Amino acid sequence: MEAEGWPGRPSRFRPPLGDNLRSAMSEHRYEPREIESRWQRIWAAERTWEVANEATPDGRQERIAGAGGHRALEGEQGQSSYVLEMLPYPSGEPHIGHLKCYALGDAIAHFQRRTGHRVLHPMGYDAFGLPAENHAIKTGEHPRDSTAASIASFQRQFRSWGISIDWSREIATHEPSYYRWTQWIFLQLLGAGLAYRKQAAVKWCPNDQTVLANEQVIDGRCERCGEEVQVRQLTQWFLRITDYAERLLRDLDRIDWPEHVKTMQRNWIGRSEGAEVNFFCEELGVDYPVFTTRPDTLFGATFFVLAPEHPDVMRLAEGTDREQEVREYVNRALTAGGEDRGAADRPKTGVPLGRHVLNPVNGQRIPMFVADYVLMEYGTGAIMAVPAHDERDYAFAKAHSLPIKRVIEGVPEDGGDEHQLPYTGDGPLVNSHPDFDGMHNRQALQAIVDWLDREGKGHASVSYRLRDWLVSRQRYWGCPIPVVHCERCGVVPVPQQQLPVVLPDIEDYAPKGRSPLASAQQWVATTCPVCSGDARRETDTMDTFVDSSWYFLRYCDPHNEAAAFDPLALKEWMPVDQYIGGVEHAILHLMYARFFCKALADLGHLTFQEPFQALFTQGMITKDGAKMSKSRGNVVSPASIVERFGSDTARCYILFIGPPDQDADWSDEGVEGVHRFLGRLYRLAMEVAEPHAAPPRPAHVRADRTAHAPSGSEDRGDVGSEHQGADLQLMRKAHWAIEKVSADLRRFAFNTAIAAVMELLNDCYRLRDQVQLQTQRFALATGASLLFPFAPHLCSEVYQQLTSQRVWEQPWPRADPAMLEADSYQLVCQVNGKLRDRVQAPADATAERLIELCRQAPNVQAHIDRREIVKEIVVPGKLVNLVVR
RNA sequence: GCCCAGGUAGACAAAUUGGCAAAGUCAGCAGACUUAAAAUCUGCGGCCCGCUUGGGCAUGUGGGUUCGAGUCCCACCCUGGGCACCA
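Predicted, not measured: the structure shown is a model, and the values here were computed from it.

Caption draft 1: Structural detail: the pattern of salt bridges. Applying the stated criterion across every chain yields a total of 40 salt bridges. One network of salt bridges, in which partners are shared, links Arg250, Asp251, Arg254, Arg594, Lys598 and Glu610.

Here's what the structure looks like:
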């Protein structure tokens, strides 16, 4: 809707005044349910939000091509835009967080469409997972059935919200047509050596009876159920995400994500620069490498520690008088290891191994220990201990009365006092070696690494905190891992043409410490694809995060039966232009999806490295300051809000409540306020939309006007008639709103965008008996057009009534620059930085003229008095500040 | 402990680049309409002094930079989040 192209620009028509307001208004009750279901039917019947792939070569676009109403307005050259909210896990009903997420994403999608983009905005379901399986254990209902019910409920509600989804691309991760390709991707990774099996100390949840990924363990507890996790030695499937640590870290610089999310990922990857140094054990004739970030403190190493899981621990202790003691310690550490081994304030336990290693820099013989504060998974599972300069080594040395040797001089005030240890700061080296003593430790660090490298005793090295991703789960309701175990051939991938490996039906879902799939004997028994001999199927299923690590690719080509996706389809849509979801996925899902992209790109399937170019993380909706939960009984269900007020109100309110990236507290009164606003818009629009039943003027408004605005204070200046002044004023306000809402949408400031439309509507009411009908219509239609991304049903209705056109088929309105500029403005007059007066100034006044106007302002004169003006600061369009002495 | 975000009326918030603090919404008060209420429409709204013109004080606290600070700098307090034996 171009301002200039406004149909039927102002006639001189003025509505006659009448006094049957009451009856006229009562015909225009705002009935969201009626309005919303009507427009939803139209969008469904016309498949308005479907969008076809342009580049898919085999004619499939006919099937998925909808009417695509918005396509009519921007032709073939419309730039593609992929707007995506995080895949919902369907359980029961959608909650308020879903409403916020989709209200947000839909506003972006609508804005994109109306600014000339072809928008892909799909929907699907993360349908495998534990809740459905736990439900099955309790009730015996097949997870497939309960999942189907939840999906149906989600669909129903999503449709009732009127979000502009291309429903033709709907997917669900539990459908064989989807997980067939999840399995295909797994085999791709397996073929590339990125999926592998190993025995490892893994986190086990005794309640859910399954292993967990490191990322799913929070403070030693299961992320899902809160049960304390145990450590078990099991053979499990892993994905080699650590191979991508460096790229996952580096590429964060190339994507437009919130800084705090990037920071979390950086911390999780945990890159450390240092050196690997070999310590030689004479007794066994073996080199033990350690990773250290502090090679500058090598001369201060007074002992050496191995992790209890270190494979050489028992071999080292064997034959020494410590053997029994070590065996007991290791056994205790390995079995009881689950209970917060991660806590830093735990006492430092450990036992000597009765063996020694040589410090490569000075040949000193130092004792070896085994202690559980050293982790097998990080570095080499062994450390050199420098108690003088490391808090943990210091605590261990104190507990076991080991020598402490200071090798870095502290800054003057700590004077080398023993009480100042451990000292982890910087300073010159001491007690080290004549070549390094006196050198600043940061330079010494490099010098020592160079020396180690030359001597072949070590080298610079980088270590990461990130661990490989444990993806196998001993659960039923997940994607089967597509391999078989053959006695002769070992682990054999299921050939691609035999995919999907379909999840079999089973009798008993109860976990027994192994996958429930193991009880499906007929399914497990199979033949080896290589040797045709007897083989058993893998009975573990995949972590559901695997399913959701690639779903955004499938949306680009959801019905492809020959491949997971067509490269041309990906080229058209990927990467996702705007991804939207909660911060709770900052590490897990977002890291895994990035990893999948990089791995698939390396395998030649993708041409991009990052799946989500821009990310927006929404804040949580709380109630009474607390997270909504059933146990607190403070849950606000979207269905009840939609029922009472309609989805337009629900959506507007949730965006109006505050900045969308911040947490916000739900307020029932606030919802009513927004509902009132929508009702006001509707009623005024209906009133002016019917020229025949001319809207009557309420008598009191007339009275009010004569009482309050006799000369029209807005008419200050030389504008001719009063009508022109008010008309101009409202037109300006409408154009101001266009400018404001457009800018706010670009920066996701939905709350202020809605407030701007509220302001416009307030002016429509305030000026309604002073402006021409056409002006009123223009202002209201503009308001509806601007509010459409937030309240699509109401705005479609209002726009249709006012203009007989479909608002979503109109391009986004553009403000007329001439309407944004007034010919005069209020000049702020300051003296010594304090506001003293305001005067009207012409827009084109020179600096000299502005100073003059300021000086003459009555209250400014009083403050200047006879004092000397030492400085004049002029900010054209804003203020003049006179500095006096 | 380390890192990040935030602290503005009675509540939620706005102020995009250092330029009129508080747009908008809620709650509140007043008026119109009504037999009345609800709904609706209109208006008022930081604190202190003053009859008003006006003046002083106000963005967690204390300093600083600047003609001018919610915004920039330093120190501190509070709230929320992330990380935390990772060598």
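Caption draft 2: Inspection of the packing of aromatic side chains at higher detail. Taken as a whole and assessed by the stated rule, the structure comprises 39 aromatic pairs. For the ring pair Tyr244 and Phe595, a centre distance of 5.4 Å and an interplane angle of 65 degrees mean the geometry is edge-to-face. Of this pair, Tyr244 sits in the loop between strand 9 (230-239) and helix 8 (245-250) while Phe595 sits in helix 18 (residues 588-602), and the two are 351 residues apart along the sequence. With respect to burial, Tyr244 and Phe595 carry one shared label: buried. A centroid spacing of 5.0 Å and a plane angle of 85 degrees characterise the contact between Phe616 and Phe748, whose relative ring orientation is edge-to-face. Placement of Phe616 in strand 25 (residues 615-618) and of Phe748 in the loop between helix 23 (722-746) and helix 24 (750-766) is noted, with a sequence separation of 132 residues between them. Pair check on accessibility: Phe616 and Phe748 agree, each one buried. Three or more aromatic residues link up through ring pairs in this structure, and these residues are Tyr244, Trp469, Phe545, Tyr592, Phe595 and Phe596. When the ring centre of Trp268 is taken as origin, the NZ or CZ atom of Arg465, which lies over that ring, is 4.4 Å away. If you follow Arg680 out to its NZ or CZ, it ends over the ring of Tyr765, 4.2 Å from the centre.

Caption draft 3: Spotlight on the side chain of Asp126. On the secondary structure map, Asp126 appears in the loop between strand 3 (124-125) and helix 5 (130-139). What makes Asp126 buried here is its relative accessible area of 11%.

Caption draft 4: Layout of the nonpolar core. Ranked by size, the top nonpolar core spans 95 residues in total, and within it Phe158, Leu655, Trp666, Phe750, Leu787 and Phe790 carry the most contacts. Among the elements that line this core, the one with the most residues is helix 21 (residues 668-689), at 11 residues. With near-sequence residues (within four places) excluded, Phe750 lies in contact with Leu104, Ala107, Ile108, Leu655, Pro660, Leu745 and Phe790. If you look at the next biggest cluster of nonpolar residues, it comprises 92 residues, including Phe128, Leu249, Ala569 and Leu588.

Cut-offs and rules
Residues numbered from 1 in each chain as written. Chains lettered and ligands numbered in written order. Predicted model: local features only at pLDDT ≥ 70, side-chain atom pairs only at ≥ 80, totals over all residues. Heavy atoms only, no water. Salt bridge = Lys/Arg side-chain N within 4 Å of Asp/Glu carboxyl O. Phe/Tyr/Trp six-rings, centres within 6.5 Å; stacked < 30°, edge-to-face > 60°. Helix = DSSP H or I, 4+ residues; strand = E, 2+ residues; numbered from the N terminus. Buried < 20%, exposed > 50% of the residue type's maximum accessible area, 1.4 Å probe, protein only. Lys NZ or Arg CZ within 6 Å of the ring centre and 35° of its normal. Core = buried A, V, L, I, M, F, W, Y, C linked by side-chain atoms within 4.5 Å. Contact = heavy atoms within 4.5 Å.

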